[in-house]
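# Remarks on the overall topology
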Amino acid sequence: MQFLVSLATTYINDQASKNIWDRLSQILADTDGICYYRYPSITSSTNSVPDLTLLAYGYQPIIIKCLPYNLDEIQEIDPERWIINDTKNDSPLLELDDYSEGLNTKFGRKRNLRRRLEVIKVVALPFISEIDFRQRFNPEELLLDNTKIIWSNLSVDNVLVPIPIDKQLNDNEWQLAKSVFQGVALDKGTIDKSEQIQSLGQAIIELEKQITLLDPEQHKAAVQIAPGPQRIRGLAGTGKTVVLAKKAAIIHNTSELLEKRILFTFNTQSLYNQAKSLISKYYRDDNTEDPDWEGRLHIRHGWGSSDTERRSGVYSDICKRYELPTMSLRQAQKIDPKTPFRACCKQILNIGIEPFYDYIIVDEAQDFPPEFFQILFQLCIPNEQTGLRCIYWAYDELQSLSSLEIPGATELFGLDINGNPNINIDGEDYPGGMEKDIVLRQSYRCPQSVLMLAHGIGLGIYAPRGCVQMLSDKVSWSAIGYDVVQGNLAEDEDTVIFRPEENSPNKISGEYETKLDEKVIGIRVLQNVEEELVWVSQSIHEDIKVKKVPPEKIVVVSLDQRNAISYFQIIQRHLHKLNIPSLIPGLIRGTADFFAESGAVTLSTVWKAKGNEAPIIYIINFDYLYQYAEEIESRNRAFTSISRSKGWIRISGTGKQMLAVEKELEKIIKNIPYFRFKFPDMERVRRLDATETSRRRKQVKTVEIATQQILKIDDNALASLSPEILKKLEEKVTRIRQISERVGDED
C-alpha cells in the first residue's frame, strides 16, 4: 500500500489523519493500492477534499473525513451544519456525500467499472469514544446512507468493505481502476491483448495507452506538493514533463491553493502545445472548465517568441512589466555567442525583480543558464509556512553528452549576501516523506533496444575512432538504469554494462515485431540523398495509407544540420504529391511551437524535436555521424534524435560512410541488453569537449584552402619539389586512403 501526502504543510500537524492512517496501514501493509492525503480534488458544491482517500485491491474505495476535535469542542450538530468551537461549519457528512458522488461518477465513466465500485464514506473521530458521543448526540439521525464512523478505539472493521465476488476486478480492470483513481485514466477501456492488434497504427494506440499509467515513483513526484524546492531528475523518457504537467494541474486544482499563481516554463518552443495539452488534460479530469491561463496559471517559454503578444516568455514578460527593451537573438549572440539567452538574463538580473509567482515549475532545466534560475528565485514568493521558495525543476540525466554531471542547486541559484545558498535540497525530507531530490530510473518512452542504441551511438562505445564520451563511475551508470557487471571502469579493461529489463518497461514495439513484421530499429543504406528522400517519403506513405498510422505520430529528423531544411522541403513536396500534409516547425514565422499537429507529419531539426516525442522517428543523413569535423556534435544529435522515439526508429543514410555506420549500429543491436567494450582512456575522452569540434573545423577549413591552392598550382611547379617532399606527399595520400578504407571496413 502506497501512502502519498499531497499537502505537507497541513499534514505535519494533522494528528487525527496520522492516527487513522497508522491503523489502516497496519491492516493493509501487504495489499496493493494507494492512499492519499488531501487528494484528489474533485469539483463539488463545497470543493472539499477528504483527508484520506483510499483504493485497496479487493475492497471498495474509501473516503475519510478526519475530525481532530475533542467532544467538548463540538457544541451542536444537525444534518446541515456542525457548530465547532463556536463556528458554524458545513456538515462533514454532506461534504463526503458531494465528494463520493464525484468519485463514483469518475469510476462510472468506465464501462468495465460501472456499478462494480461504490465509494464508502467515513467520518473519523479518533479523539472521541462512541459511548461519549452517543451520550450527547444521536449519530443515527445524522448519518446518510453508507456513512460509517471510526471512533477513538480506531476499529476499522466496518470500513473495509470487500467487493462482492460477482463484481471482483481482474488484473486489467484493477489497473484501469487505479488509473482513474490517479487521475490518469487510460484512453479507452482496458488494456487490449496483443491478438487484437492487426496494424502498426493499432499498436501505436496501445503503446500510448500503456505509457499513460504512471508508475508509483512518477505518481508520487506529481501528487506531492513540496513546501520548498524540489529537483526531479531522470533519463529522457522517464516522464518528467508528464509529472510536471500533472503537478501544475494538481496545484491549480487544490482548494487550499486556489489563489496561488503558478509558472510553468521550458526551453524548447515546440513544447508549448504539449505542455498546455497535458495540463489541460489532467485539470479537466476533475473540472468542466479550462485552467485559468490568463490569471493563475502561466505557460511561458524561457525567452519568449518574437511575437510577444502570441507567445510570451519569462524574459519578455519581465521586460514588459519593467518597460525594458527586449534583446533580439542577434543582439544577444553578439554579447554571448555560445549562450545568447544568458546575455538576456544578465540584462535583467539586477533590476530588482519583485516576487510574482507562488509556484514555479521548470522543465528542461539542463538547457538553461544559472542566471535564469537566479531570476526565477527572485520571481518566486516564499511559502507562507516554511519561508522557502517552491521551485520544482526537472533535469535530464545524460540529455547532453557534452555535460554528464548535473549542477547542484547552489551552482544554479547562487548565494545570498551572507554567502549562504539561496536554494538548498540537502538534508531531511519534507513532512509526509516528500523527497527533495527525486530520481526517476524507469524510462517509459523508449523501448530498451532504442534507448541502448541512443546511448551506444551517443557515447561512441563501438565507434571506429573510439569513445567520444563516457560515464566514469558505477553510480553514474546506476543513475541512468544500468548495472556494471564486469570490470572496474579502468583503462583498457574488459567492461560489461547491463540494462535490466524492468528499467525499460516499454515493450510494446518488441511485442509486435514478429506479429506485424515491423522491426523496432530499421536501417536503410541508399546510393545518394535524392534516393534517400524519395525512400523516406514512400515509407511514410506506406505507414499512413497501409499501416494506418496517424500522420502526427511520425517525425522526421536530419543529422545534417546545415542542409536539413532544404531536405525537409524536398520531402514535403514528395509528401504533398502523395496527399500527405506535413509541417516544418519554425520555417514560417509563428510556427516555432507547431509540433505533432493533428493530421500532419512533422519534419524537424534536432533542436526543435528536443523535448518532444513520437511513436515513429525517421532519422535521415545518418552517414553524417562519421563527419570528422562534426563527429562529437553529430553523435550528440544522434543521441537526442533516437531518444525521441516511443516505439520505432527508421535510420537512413547514403554511400560508403553509411555502410560503416550500419556496422556500428548492428554491433550495438547484437549485444543488447549489454555493452561489451574496452574501457577508454578517460583523459583522452575528457579532451574531446566542445573545443575539439572547433579545432577540427579549423583543421578541415585549413585543409580545404591548402588543397585548393595546390590544385591551382602548375604541375611543373609541383614536380620541381625535392624527391623527399614528393615522397612525403605520396605517403600522406596513402595514409588518407587507408583511413578511409578502414572506416568502411570497421567491425
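Residues numbered from 1 in each chain as written. Predicted model: local features only at pLDDT ≥ 70, side-chain atom pairs only at ≥ 80, totals over all residues. Heavy atoms only, no water.

## Things to note about the packing of helix H11 (residues 314-321) against helix H13 (residues 340-349)
- The N-to-C vectors of H11 and H13 enclose an angle of 30°; their axes lie 11 Å apart at closest approach. It follows that H11 is roughly parallel to H13 by the angle criterion. Crossing of H11 against H13: the hand is left-handed. Within the contact between the two elements, H11 uses Tyr315, Ile318 and Cys319 and H13 uses Phe341, Cys344, Gln347 and Ile348. (Axes fitted to C-alpha atoms, helices over the stretch in contact; angles between N-to-C directions. Helix = DSSP H or I, 4+ residues; strand = E, 2+ residues; numbered from the N terminus. Parallel < 35°, antiparallel > 145°, perpendicular 65-115°, else oblique. Left-handed = near helix turned anticlockwise from the far one by under 90°. Contact = heavy atoms within 4.5 Å.)

## Brief notes about a positive patch on the surface
- Side chains of Arg111, Arg114, Arg115 and Lys167 sit close together on the surface and give a patch of like positive charge.
- Looking at the secondary structure, you find Arg115 in the loop between helix H3 (92-108) and strand E8 (120-124). (Patch = residues over 30% accessible without salt bridge, like charges linked within 9 Å, V, L, I, M, F, W, Y side chains within 5 Å. Areas by Shrake-Rupley, 256 points an atom, 1.4 Å probe, with all protein chains shown as cover. Salt bridge = Lys/Arg side-chain N within 4 Å of Asp/Glu carboxyl O. Lys, Arg positive; Asp, Glu negative; His and termini not counted. Charge placed at Lys NZ, Arg CZ, Asp CG, Glu CD.)

## Examining the nonpolar core
- Core analysis: the largest hydrophobic core is formed by 98 residues, its most contacted members being Ile20, Leu52, Ile64, Phe107, Phe264 and Ile279.
- Once residues within four sequence positions are removed from consideration, Leu52 is found in contact with Phe3, Ser17, Ile20, Trp21, Cys35, Tyr36, Tyr37, Ile62, Ile63, Ile64 and Cys66.
- Core analysis: the next-biggest nonpolar cluster, separate from the first, contains 49 residues, Tyr482, Ile521, Ala614 and Phe622 among them. (Core = buried A, V, L, I, M, F, W, Y, C linked by side-chain atoms within 4.5 Å. Buried < 20%, exposed > 50% of the residue type's maximum accessible area, 1.4 Å probe, protein only.)

## Structural notes on the side chain of His301
- Within the element layout of this structure, His301 appears in strand E12 (residues 297-301).
- Of the polar contacts made by the side chain of His301, one reaches the backbone oxygen of Asn267; its length is 2.6 Å.
- Each residue touching His301, except ones within four places of it in the same chain, is listed here: Thr265, Phe266, Asn267, Thr268, Gln269, Ser312, Gly313 and Val314. (Polar contact = N/O pair within 3.5 Å; in protein donor to acceptor, adjacent residues only side chain to side chain.)

## Regarding the packing of aromatic side chains
- Tallied over the full model, the rule gives 26 aromatic pairs.
- For the pair Tyr36 and Phe181, a centre-to-centre distance of 5.3 Å together with 35° between the ring planes defines the contact as tilted. With a gap of 145 residues between them, Tyr36 in strand E2 (residues 33-37) and Phe181 in helix H6 (residues 171-182) connect regions that are remote in the sequence. Taken as a pair, Tyr36 and Phe181 share a single burial class, namely buried.
- Between Trp303 and Tyr315 the ring centres are 6.5 Å apart and the planes differ by 85°, which places this aromatic pair in the edge-to-face class. (Phe/Tyr/Trp six-rings, centres within 6.5 Å; stacked < 30°, edge-to-face > 60°.)

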